[in-house]
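Working through the structure, step by step
Here are the chains, one letter per residue:
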Amino acid sequence: MAGRVRHPIDIRSLERWLNKTVPEIETPLDVHQFGFGQSNPTYQLTTPSGDRYVLRKKPPGKLVSKTAHKVEREYRIIAALSTTDVPVPRAYCLCEDDSVIGTPFYIMEFLDGRIFEDPVIPNVLPDHRRAIWADAVRTLAKLHRIDPKSVGLESFGRHDGFYNRQIATWKQICGAQAAVEDVDTKEQVGQLPFFEELMAFFSDGKAQPADKGTLIHGDFKIDNLVFHKTEPRVIGILDWEMSTIGHPLSDLANLLTPYYTAFLDPARSVHLHPGFLPKATRGLPSREDLTELYFAVLEPEAREEDRAVVETRRRELQWAQAFSIFRLAAICQGIAARLARRQASSEQAKRHGDARTLFAEFAWELAQSSKGAEAKKSKL
């Protein structure tokens, strides 16, 4: 829900710009700020006639990262996908002039639907829960079917080498994070368990998934989707800040992460979902069923009964899932580094930082399993 404005903007200046540039958005505006969208401040604009819009802007001040907060990229991909069967909000305008409200922003359609913060999807009937997850997977497959060139996004990112670039980036980040010293004890954060083994495994070209380049969301998960108010149907995908051209399995692995982490010890981490344990939640599809549905929509011409095809898909997704969990470990290591510098202090932050060990160990377990599947494949 939208509430008080925590990051003020010059509403009168915005209204003057809209009157000249997007006259269909009536003024004066009633402005509130959403609780989500912490990376890029997000506002609800309401016109005198009751029409609602959403404004997303870069945060004020000097930005720490040159690659984050790319509202221009968000606008570009939302506008491009409007001509496809991928559900996105209508994009109205992009303003890159800092003088209007301080930082670049764009305005899109307000989607009046449901956002489920808990991926278990509580308080719905089992059949509804099953259908919600199924449509999330169908929506992801539709995105991955889009040829970037067909929507003018051929320059949206590199078309090959996605995972190798990710490996190099995270190797450098983890090295820097590990070397951070506690301001009091001078003890280093330390490297993740099995870090060198994981780097060797991920860097092995023979073990990697076949190289592919499609449009990817970058953070595809249930709470970044808006569902119809009564129907189990996705009406829009939100938060495209990390979108690019990359490997489609990175999105699928991110979406299915709750199925894997449900087996971990909740005392050693946060935001785990025991409802994803087998038979724990009525109507929740199995990850095998969702994977099968994803590939049926993505590659309807492929024969599911082909044993080699099915085995390759399973092995490649296991690799992608191992990398996704390793990435979680690296993110938690970053939180531990901020704690060491006293840039974070909450108990929740400490639990996130401590979870790096659990996730790194689990990533190595998944990697070992993927290696076993590769060895089995070579004997077929």
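From a predicted model like this one, the values you see are computed outputs, not experimental measurements. Numbering of residues starts from 1 in each chain and follows the order in which that chain's sequence is written. The predicted nature of this model means local features are confined to residues of pLDDT at least 70 and side-chain atom pairs, given and counted, to a pLDDT of 80 or more, with totals for whole chains, interfaces and linings taken over all residues. As a rule here, side-chain values come from all non-hydrogen atoms in the structure, and water together with hydrogens is ignored.

1. Considerations on the environment of V137
Secondary structure counts use DSSP, requiring at least four H or I residues in a row for a helix and at least two E residues in a row for a strand, with both numbered from the N terminus. Mapping V137 onto the fold places it in helix 4 (residues 126-145). Sequence separation of V137 and N19 is 118 residues, and the distance between their C-alpha atoms is 40 Å. The residues contacting V137, other than those within four sequence positions of it, are L255, L290, L293 and Y294. Pairs of residues are marked as contacts when any of their non-hydrogen atoms sit within 4.5 Å.

2. Here's the deal with the pattern of salt bridges
Proximity of charged atoms lets side chains of opposite charge pair with each other. We define a salt bridge as a side-chain nitrogen of Lys or Arg found within 4 Å of a carboxyl oxygen belonging to Asp or Glu. Under the counting rule described, the total for this entry stands at 22 salt bridges. Between R56 and D239 there is a salt bridge, with its nearest N and O atoms 3.2 Å apart. Here R56 is found in strand 4 (residues 52-57), whereas its partner D239 is found in the loop between strand 9 (234-237) and strand 10 (244-246), with 183 residues between them in sequence. Here's how the labels work: a residue is buried when its accessible area is under 20% of the maximum for its type, exposed when over 50%, partly exposed in between, all with a 1.4 Å probe on protein chains only. A relative accessible area of 5% means that R56 is categorised as buried. Assessed through its relative accessible area of 29%, D239 is described here as partly exposed.

3. Here we look at the layout of surface pockets
In this analysis the probe radius is 1.4 Å and the grid spacing 1 Å, with only protein atoms considered; a cavity is a set of points the probe fits into but cannot get out of, a pocket is an open set with protein on both sides within 12 Å along at least five of seven lines, and lining residues have an atom within 4 Å of a point. Grid points are joined across faces, edges and corners, and a volume is the space filled by probe spheres set on the points. Of the voids in this model, the second largest pocket is the one considered here, and its volume is about 280 Å³. If you trace the second largest pocket, you find 12 residues lining it, with E288, T291, V310, R314 and L317 closest to the centre. Gly falls in the polar group here, along with every residue not listed as nonpolar (Ala, Val, Leu, Ile, Met, Phe, Trp, Tyr, Cys, Pro) or charged (Asp, Glu, Lys, Arg). Classifying every residue of the lining of the second largest pocket by side-chain character gives four nonpolar, two polar and six charged.

4. Considerations on the environment of E241
By secondary structure assignment, the location of E241 is in the loop between strand 9 and strand 10. Using a relative accessible area of 14% as the deciding quantity, one classes E241 as buried. Along the sequence, E241 and G218 sit 23 residues apart, while their C-alpha atoms lie 7.8 Å from each other.

5. A look at helix 4
Expected helix span is taken as 1.5 Å per residue step, with the number of steps being one fewer than the number of residues. With 20 residues, helix 4 extends 29 Å between its outermost C-alpha atoms, agreeing within 8% with the 28 Å of an ideal straight helix rising 1.5 Å per residue. Along helix 4, 14 of the 20 residues are buried, which leaves the element largely enclosed by surrounding structure.

6. Some remarks on the packing of aromatic side chains
Pairing of aromatic side chains requires ring centres within 6.5 Å, counting the rings of Phe and Tyr and the six-membered ring of Trp. Pairs whose planes differ by under 30 degrees are stacked, by over 60 edge-to-face, and all others tilted. Within this structure, the stated rule accounts for 21 aromatic pairs. Aromatic pair Y163 and W319: ring centres 4.7 Å apart, planes at 70°, arrangement edge-to-face. With a gap of 156 residues between them, Y163 in helix 5 (residues 162-178) and W319 in helix 9 (residues 307-340) connect regions that are remote in the sequence. Take Y163 and W319: they sit in the same class, and that class is buried. Members of the aromatic cluster, connected to one another through ring pairs, are F162, Y163, F195, F201, F202, W319, F323 and F326. We call a charge positioned above a ring when the Lys NZ or Arg CZ atom is no farther than 6 Å from the ring centre and deviates by at most 35 degrees from the ring normal. Just above the ring of Y260 sits the side chain of R287; from NZ or CZ to the centre is 4.2 Å.

7. Let's talk about the sheet that holds strand 4
Two strands qualify as a pair provided DSSP detects at least 2 bridges between them. Strands sit in the order 1-2-3-4-6-5 across an open sheet of six strands; the sheet is antiparallel. Edge positions in the sheet fall to strand 1 (2-3) and strand 5 (91-95), since each of these pairs with one other strand and no more. When strand 1 meets strand 2 (residues 30-34), the two strands line up antiparallel, connected through two bridges. Across the sheet, residue A2 finds its bridge partner in strand 2, namely F34. The convention used is that axes are lines fitted to C-alpha atoms, helices contributing only their stretch in contact, and that angles between N-to-C directions extend from 0 to 180 degrees. Sheet strands touched by helix 2 (residues 71-81): strand 4, strand 5 and strand 6 (105-109). Its angle to strand 5, the strand with the most contacts, is close to 150°.

8. A few points about the packing of helix 6 (residues 195-203) against helix 9
Any two packed helices are characterised by how steeply their axes cross, that is the angle between the axes, and by the distance between the axes. Across the interface, helix 6 lies against helix 9 with an axial gap of 11 Å and an inter-helix angle of 140°. Between helix 6 and helix 9 lies a crossing of left-handed hand. Contacts from F195, L198, M199, F201 and F202 of helix 6 reach helix 9 at W319, A322, F323 and F326. Taken together, the residues of the contact of helix 6 with helix 9 sort by class into nine nonpolar, no polar and no charged. Each crossing gets its handedness from the near helix: less than a right angle anticlockwise from the far helix is left-handed, clockwise is right-handed.

9. Description of the packing of helix 7 (residues 248-261) against helix 8 (residues 287-298)
Across the interface, helix 7 lies against helix 8 with an axial gap of 11 Å and an inter-helix angle of 160°. What the angle tells us is that helix 7 and helix 8 run roughly antiparallel. Note that helix 7 runs across helix 8; the crossing there is right-handed. Residue-level inspection shows P248, L249, L252, L256, Y259 and Y260 of helix 7 in contact with helix 8, the latter providing R287, L290, T291, Y294 and F295. Class assignment of the residues belonging to the contact of helix 7 with helix 8 gives a composition of nine nonpolar, one polar and one charged. Small angles under 35 degrees read as roughly parallel and large ones over 145 as roughly antiparallel, with 65 to 115 read as roughly perpendicular and the rest as oblique.

10. Quick look at the nonpolar core
In this structure, L81, W133, F202, L215, I222 and F326 are the most contacted members of the largest nonpolar core, which totals 91 residues. Ranked by the residues each element gives to this core, the list is headed by helix 9, at 10 residues. Dropping the residues within four chain positions of it, W133 is found in contact with P119, I121, I222, L255, Y259, F276, L284, P285 and L290. Throughout this description, the term nonpolar core refers to a set of buried Ala, Val, Leu, Ile, Met, Phe, Trp, Tyr and Cys residues connected via side-chain atoms within 4.5 Å.

11. Details of the pairing of strand 4
Among the six residues that make up strand 4, five are buried, leaving the element largely enclosed by the rest of the structure. With five bridges connecting them, strand 3 (residues 42-46) and strand 4 associate as antiparallel partners. Note that in strand 4 the partner of T42 across the bridge is R56. Between the end of strand 3 and the start of strand 4, which pair antiparallel, lie five residues, with G50 showing a positive phi angle near 95°. Two elements, strand 4 and strand 6, share five bridges in a ladder whose sense is antiparallel. Bridging from a neighbouring strand, V54 pairs with M108 of strand 6.

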